[in-house]
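Working through the structure, step by step
Here's the letter readout for the chains.
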Amino acid sequence: MDAYLHILRKRQRYYSTVYGPRINIQDSQFYSWLLNDWERLMGSGPTNPAAVGLCSSISGPLRNLRWYVLIPCNLGRTHWAIASVDLTTGSIYLMDPFRQEVPFRHRKMQLACLRYFLPSMLHALDFHGRRRRGDMTYTLQNKPFPLNIVSRDRVPQQDRGGNCGAHTLRLIEYLTANRDTFDWSENEMGTIREKMAVEVFCNSKDWTSS
């Protein structure tokens, strides 16, 4: 997964007019990294002093933030989905290719590490406060980000268990290209996987040297 994420970030650098320069793509381990610390430190609640201090020391991947952050999430350590974080509103939008409906409270619990840690990490980076984007001024508060589940009607759904990662990468590819209509289906996943494999192979020299 990270090899293809590297390709998408490369496109952002070289084709910024097509691939949104205001979007950050996090590595596949970012969510797991936060989740592990959340499970370790949150036993006494989100205000655990150890967790608050941790946010100051683990904010490195967020230092060059723009306006939107795309975070691949390995939910339950078995299923991939994408969390799109809008920093202009402080909201998380989960795009999940899992066909079976999952209770909201369950997804909310799985993404608690993002909802609580992200605001604290941004606060540690002094990202909070008044920011200006063009002619729009907005304020972020150091409080949990609300979670929104994007309707399954808008997100292509998988029929087979092994395609969630490919769907997630495809979603990231479309989002970075500012395409909000996801016009592929499960029937095309074989071709899409082949395309991704060829791109990773063709960029393998660049990947290993970076």
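Everything below is about the structure printed above this text.
Criteria and thresholds
- Residues numbered from 1 in each chain as written.
- Predicted model: local features only at pLDDT ≥ 70, side-chain atom pairs only at ≥ 80, totals over all residues.
- Heavy atoms only, no water.
- Pairing = 2+ DSSP bridges.
- Helix = DSSP H or I, 4+ residues; strand = E, 2+ residues; numbered from the N terminus.
- Axes fitted to C-alpha atoms, helices over the stretch in contact; angles between N-to-C directions.
- Contact = heavy atoms within 4.5 Å.
- Buried < 20%, exposed > 50% of the residue type's maximum accessible area, 1.4 Å probe, protein only.
- Parallel < 35°, antiparallel > 145°, perpendicular 65-115°, else oblique.
- Nonpolar A, V, L, I, M, F, W, Y, C, P; charged D, E, K, R; others polar.

Looking now at the sheet that holds strand β4 (residues 91-95). Strand pairs in the sheet, formed through backbone hydrogen bonds, run parallel or antiparallel to each other. Strand order in the open sheet formed by five strands is β1-β2-β3-β4-β7, and the pairing between neighbours is mixed. Sheet topology places β1 (23-25) and β7 (147-149) at the edges, where each strand pairs with a single neighbour. Averaged over all neighbouring strand pairs, the angle between strand axes comes to 30°, with direction disregarded. Sheet strands in contact with helix α1 (residues 2-14) are β1 and β2 (68-75), and its direction is about 155° off that of β1. The sheet strands contacting helix α6 (residues 164-176) are β1, β2, β3 (79-86) and β4, and the helix crosses β3 at an angle near 20°.

In this section: the pairing of β4. Most of β4 sits inside the fold, with four of its five residues counted as buried. As judged from the three bridges shared by β4 and β7, these two strands associate in the parallel manner. Paired with Tyr93 across the bridge in β7 is Asn148.

Turning next to the pairing of β2. The element β2 is extensively covered by neighbouring structure, given that seven of its eight residues are classed as buried. Here β1 runs beside β2; their pairing, made up of three bridges, is parallel. Bridge pairing in β2 places Ile23 opposite Tyr68. Sheet topology note: the β2/β3 ladder contains eight bridges and is antiparallel. Residue pairing across strands places Asn74 opposite Trp80, the latter belonging to β3.

All right, on to the packing of α6 against helix α7 (residues 189-202) then. Relative to each other, α6 and α7 sit at 70°, their axes nearing to 10 Å. When the axis of α6 is compared with that of α7, the two are roughly perpendicular. Contacts between α6 and α7 involve Ala166, His167, Leu169, Arg170 and Glu173 from the former and Met189, Ile192, Arg193, Lys195 and Met196 from the latter. Classifying every residue of the contact of α6 with α7 by side-chain character gives five nonpolar, one polar and four charged.

So, to be careful, I would describe these as geometric facts and stop short of saying anything about function.
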